[in-house]
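What follows is each chain in one-letter form.
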Amino acid sequence: MARTPRSSSPPSQGRPGRRKTEKSTTGQRRALAEEKRERKDALATLKKFADAADALQRGDSWQNVTTGLGVAGRDWTMNTTIETDPVLTRQQLDDLYAQDNIAARIVDTIPEDGVANWFEIVGVSGEAEATFQQQIFSHLQRLSAKQRFLEWWKFGRKDGGGLLLIGADDGRRLDEPLEMEAVREIRHLHFVERWYVFPDTIDVDPKSDHFGEPLYYMLLPRAVHSTSFASYEAQRAEIKRAMGDDLSNTLIHHSRVIPFRGVKVSERRKLAFLGWSYSNLQRCYWSIQNYRVLWAHIATLFKHMAQTVVKFAGYAELSAGDFQRAINKRLQQLQMARSTLNIVPLDANDSLEEQTFRGLSGVIDILKYAQEDVAQAADMPLTKLFGHLPQGFGKDDVAGRDNWNKRVRGQQEEHVLEPMTDLIRMIAQAYRIKEPEDWAIDFMPIDPPSAAEAAKIDLEEAQADHQRIEDGVLEPEEARDSLRADPKLRYRLKPGPAKHDPVVHPALAQPPPGGPNEPKAAPPGAGGGA
């Protein structure tokens, strides 16, 4: 019987499949290795960034690993960070300004000092220029400009913004740019609180002089159309009768308003405040609160300064009703005798004692430090905010007063100078008042010099002018013209050139040689005696 031949297939017939599997496994290993390398490189890169950030954070700090100084988790000061405080709401600002005298003084003092002596127009001389100044101030008085600017300044500081609406009649709509040459009349100045007006379109043209500033302001209907202080809903029918069904907001071009810009803030915060800024009370709110809380604690301590303790015999044996009647009757007898005769009658078994709390030493010092904290937060001297000098000062805070005058002057130049200059030019254009070539606004000093100080200043200026004339720097006519143009001069100079004849004191005058009063010399040989 013949055998069935074995398969002649070589033993390596299944190797091609195994080779494919090996190739696939090798590719996966290579991919995994490549992924590991990429992950390792990414981690190394992240570590570099983390190290750089850590070095940047600790670059300006002191750190001691042994003592824990500057080490997070060991140094408790490292856990103290700045956080965003809640922004004071409109209601809180109104309550603070209406009810807290310190908050009101912080808001009002700079504007009141800033407009107290107002300003003058300098650089004008002669009769025509004097007429310019008189006419300008006459129109400013008619517009109640001083009162309107004071209101604008105060509420702008309280609310963080506000608006003065210039009632200039140029024949155009409010949303169109003001045509200065076409202004025929300035009818009024109206103040609008920031809660009823919002900056609208922003100028995004980098080539514009007004880049980054609002092009328009949007007035809400409540600020414009309400005719009483009743609610807006109660006025809706009247608004419809006056305006029709169109209750849309009113757009006003920026050239027709004078905005008040409060505390400087970033663009991001401007967006959060709808184009306005912080109130001046925001930064000093916590200091005011701490000062008021401290006063409240002191009032509570004074309540417990002295406590009267009365010990009655048989107190424990009395029932509830008997106790109440007995106590009231006994206390009434004690108070009557004490108030009339200052004598306290007691039973042999009763006693009365006064317990005095003696823990108030140093409280006044703490209160003064709290006042200094409020003054520092408000950037005001103690003499202005609380009416007394700082600790350690003598009779007068000269440095604090000078710094305050400089600060008020800086606020005048920041907020009032430019808009007031534009308003004066607008008045001159509207009423055809001829402007001098060189004129400017000069704010009057808060503390005018006394008569003695003014005389000393005049003497120093006269000596300086005399020295300049002697040195040939200044001619007498020039000095006289300068004095004649000075509006603060206390006397008038007649027109004409200055006299050059020197004035010599009689005691220093010498008679001319050969004059009539000079004695004649005696002839030779004349005289008494032979």
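Described below are features of the structure shown in this document. (Residues numbered from 1 in each chain as written. Predicted model: local features only at pLDDT ≥ 70, side-chain atom pairs only at ≥ 80, totals over all residues. Heavy atoms only, no water.)

### Details of the overall build of the protein
Our working definition: For helices the rule is a DSSP run of H or I covering at least 4 residues; for strands it is a run of E covering at least 2, with both sets numbered from the N terminus onward. For every residue, the accessible area obtained with a 1.4 Å probe (protein chains only) is divided by the maximum for its type, and the residue is called buried under 20%, exposed over 50%, and partly exposed between those limits. In this analysis, two residues are considered to be in contact whenever any of their non-hydrogen atoms come within 4.5 Å of each other. Exposure was quantified through the Shrake-Rupley algorithm and a 1.4 Å probe, taking into account, for residues, occlusion by the shown protein chains and nothing else.
Counting secondary structure elements, the protein contains 15 helices and 10 strands. Across the 530 residues in the protein, those meeting the buried criterion constitute 27%. Taking the intrachain contacts of the protein between residues at least 6 apart in sequence as the baseline, contacts between residues at least 24 apart amount to 65%. Taken as a whole, the protein presents about 37,100 Å² of accessible surface, with 54% of it coming from carbon and sulfur.

### What to know about the pattern of salt bridges
To keep it simple, the criterion reads: Any Lys or Arg side-chain nitrogen located within 4 Å of an Asp or Glu carboxyl oxygen qualifies as a salt bridge.
Under the definition given, this model contains 21 salt bridges. Among the salt bridges present, the one from Asp113 reaches Lys384, with a minimum N-O distance of 3.0 Å. Of this pair, Asp113 sits in helix H3 (residues 101–116) while Lys384 sits in helix H12 (residues 382–385); the two residues are 271 residues apart in sequence, bridging distant segments of the chain. A salt bridge links Arg173 to Glu176, with the nearest nitrogen and oxygen atoms 3.4 Å apart.

### A word on the packing of helix H5 (residues 145–159) against helix H13 (residues 398–430)
Short version of the rule: Simply put, an axis is a line fit to the C-alpha atoms, just over the touching stretch for a helix, and the angle between two N-to-C directions goes from 0 to 180 degrees. An angle below 35 degrees is treated as roughly parallel, one above 145 as roughly antiparallel, one from 65 to 115 as roughly perpendicular, and anything else as oblique. Each crossing is labelled by how the near helix is turned from the far one, with a counterclockwise turn of less than a right angle marking it left-handed and a clockwise turn marking it right-handed.
Where H5 contacts H13, the axes come no closer than 12 Å and their chain directions differ by 140 degrees. Taken together, the axes of H5 and H13 lie oblique to each other. The two elements H5 and H13 meet at a crossing, and its hand is right-handed. Counted together, Phe149, Trp152, Trp153 and Arg157 of H5 and Gln411, Gln412, His415, Val416, Met420 and Leu423 of H13 form the full contact between these two elements.

### Describing the layout of surface pockets
One simple way to see leftover space: roll a probe sized like a water molecule over the atoms. What counts, and what does not: Here a cavity is any set of points on a 1 Å grid over the protein atoms alone where a 1.4 Å probe fits but cannot get out, and a pocket is any open set with protein on both sides within 12 Å along at least 5 of 7 lines; a residue lines the site when it has an atom within 4 Å of a point. Grid points are joined across faces, edges and corners, and a volume is the space filled by probe spheres set on the points. Classes in brief: Ala, Val, Leu, Ile, Met, Phe, Trp, Tyr, Cys and Pro nonpolar; Asp, Glu, Lys and Arg charged; the others, Gly included, polar.
Looking at the second largest pocket, its volume works out to about 610 Å³. Around the second largest pocket, the lining is made up of 21 residues, and of these Pro259, Arg261, Glu418, Pro419 and Asp422 lie nearest the centre. Contributions of two or more residues to the lining of the second largest pocket are made by strand E7 (257–261) and H13. It is H13 that provides the largest number of residues to the lining of the second largest pocket, a total of 6 residues. Looking at side-chain class alone, the lining of the second largest pocket contains 10 nonpolar, 4 polar and 7 charged residues.

### Let's talk about the sheet that holds strand E4 (residues 197–199)
Worth spelling out the cut-off: Whether two strands pair comes down to DSSP finding at least two bridges between them.
Strand order in the open sheet formed by 3 strands is E4-E5-E6, and the pairing between neighbours is antiparallel. Among the strands making up the open sheet, the edge pair consists of E4 and strand E6 (250–253). Neighbour-to-neighbour, the strand axes of the sheet open up by a mean angle of 30 degrees, direction not taken into account. The pairing of strand E5 (residues 216–219) with E6 spans 4 bridges and is classified as antiparallel. Looking across to E6, one finds that Tyr216 is bridged to His253.

### What to know about the sheet that holds strand E3 (residues 185–193)
The antiparallel open sheet is built from 3 strands, whose spatial order is E3-E2-E7. Either end of the sheet is taken by a strand with one partner, and the two such strands are E3 and E7. Geometrically, the sheet is characterised by an average inter-axis angle of 15 degrees between neighbouring strands, direction not taken into account. When strand E2 (residues 161–169) meets E3, the two strands line up antiparallel, connected through 7 bridges. By the bridge assignment, Leu163 is partnered in E3 with Val192. Across the sheet, H5 is in contact with E2, E3 and E7; its angle to E2 comes to roughly 150 degrees. Sheet strands touched by H13: E2, E3 and E7. Its angle to E3, the strand with the most contacts, is close to 155 degrees.

### Some remarks on H3
A turn of α-helix holds 3.6 residues, and therefore any two residues three or four places apart point the same way. Cut-off, in case you're wondering: One fitted axis covers the seven residues ending at a residue, a second covers the seven starting there, and the bend at that residue is the angle between these axes. Two N or O atoms form a polar contact when they lie within 3.5 Å of each other; inside protein one atom must be a possible hydrogen donor and the other a possible acceptor, and for residues adjacent in sequence the pair counts only when both atoms belong to side chains.
Bending of H3 peaks at approximately 40 degrees at the position of Asp108, with proline Pro111 no more than four residues after it. Of all 16 residues making up H3, 12 are buried, and the element is well covered by its neighbours. Of the residues that open H3, the one with a side-chain oxygen 3.0 Å from the backbone nitrogen of Ile102 is Asp100. One or two positions beyond H3, positive phi appears at Trp118, with a value near 55 degrees.

### Topic: the packing of aromatic side chains
For any pair of aromatic rings, geometry is given as the distance between the ring centres together with the angle between the planes. Stated formally: Stacked, tilted and edge-to-face pairs are distinguished by plane angle, under 30 degrees for stacked and over 60 for edge-to-face with tilted covering the rest, among Phe, Tyr and Trp rings (Trp via its six-membered ring) whose centres lie within 6.5 Å. Whether a charge sits over a ring depends on NZ of Lys or CZ of Arg being within 6 Å of the ring centre and within 35 degrees of the ring normal.
Tallied over the full model, the rule gives 13 aromatic pairs. Between Phe119 and Phe137, the ring centres sit 5.4 Å apart and the planes meet at 35 degrees, which makes this aromatic pair tilted. Of this pair, Phe119 sits in strand E1 (residues 119–122) while Phe137 sits in helix H4 (residues 126–142), and the two are 18 residues apart along the sequence. On the basis of relative accessibility, which here comes to 24%, the residue Phe137 falls in the partly exposed class. A cation over a ring is seen here: Arg194 above Trp195, with NZ or CZ 4.2 Å from the ring centre.

### Focus: the side chain of Asp170
With respect to the secondary-structure elements, Asp170 resides in the loop between E2 and E3. For Asp170, the side chain forms a polar contact with the main-chain nitrogen of Glu179, separated by 2.9 Å. There is a polar contact of 2.9 Å between the side chain of Asp170 and the side chain of Arg256. Dropping the residues within four chain positions of it, Asp170 is found in contact with Pro177, Leu178, Glu179, Ala182, Val183, Arg184 and Arg256.

### So, unusual backbone geometry
Despite not being glycine, Trp118 has its phi angle at roughly 55 degrees, a positive value. By the element assignment, Trp118 lies in the loop between H3 and E1. Given the relative accessible area of 10%, Trp118 is considered buried. With a phi close to 55 degrees, Arg432 is a non-glycine residue in the positive phi region. Its location among the elements puts Arg432 in the loop between H13 and strand E10 (440–443).

### Considerations on H13
Here is the rule: The length a helix should cover is 1.5 Å for every residue beyond the first.
An ideal rise of 1.5 Å per residue puts 48 Å on 33 residues; H13 measures up with 45 Å between its terminal C-alpha atoms. Val416 marks where H13 bends most, by close to 45 degrees; the proline Pro419 follows one to four residues later. Arg432 sits one or two positions beyond H13 and adopts a positive phi of about 55 degrees.

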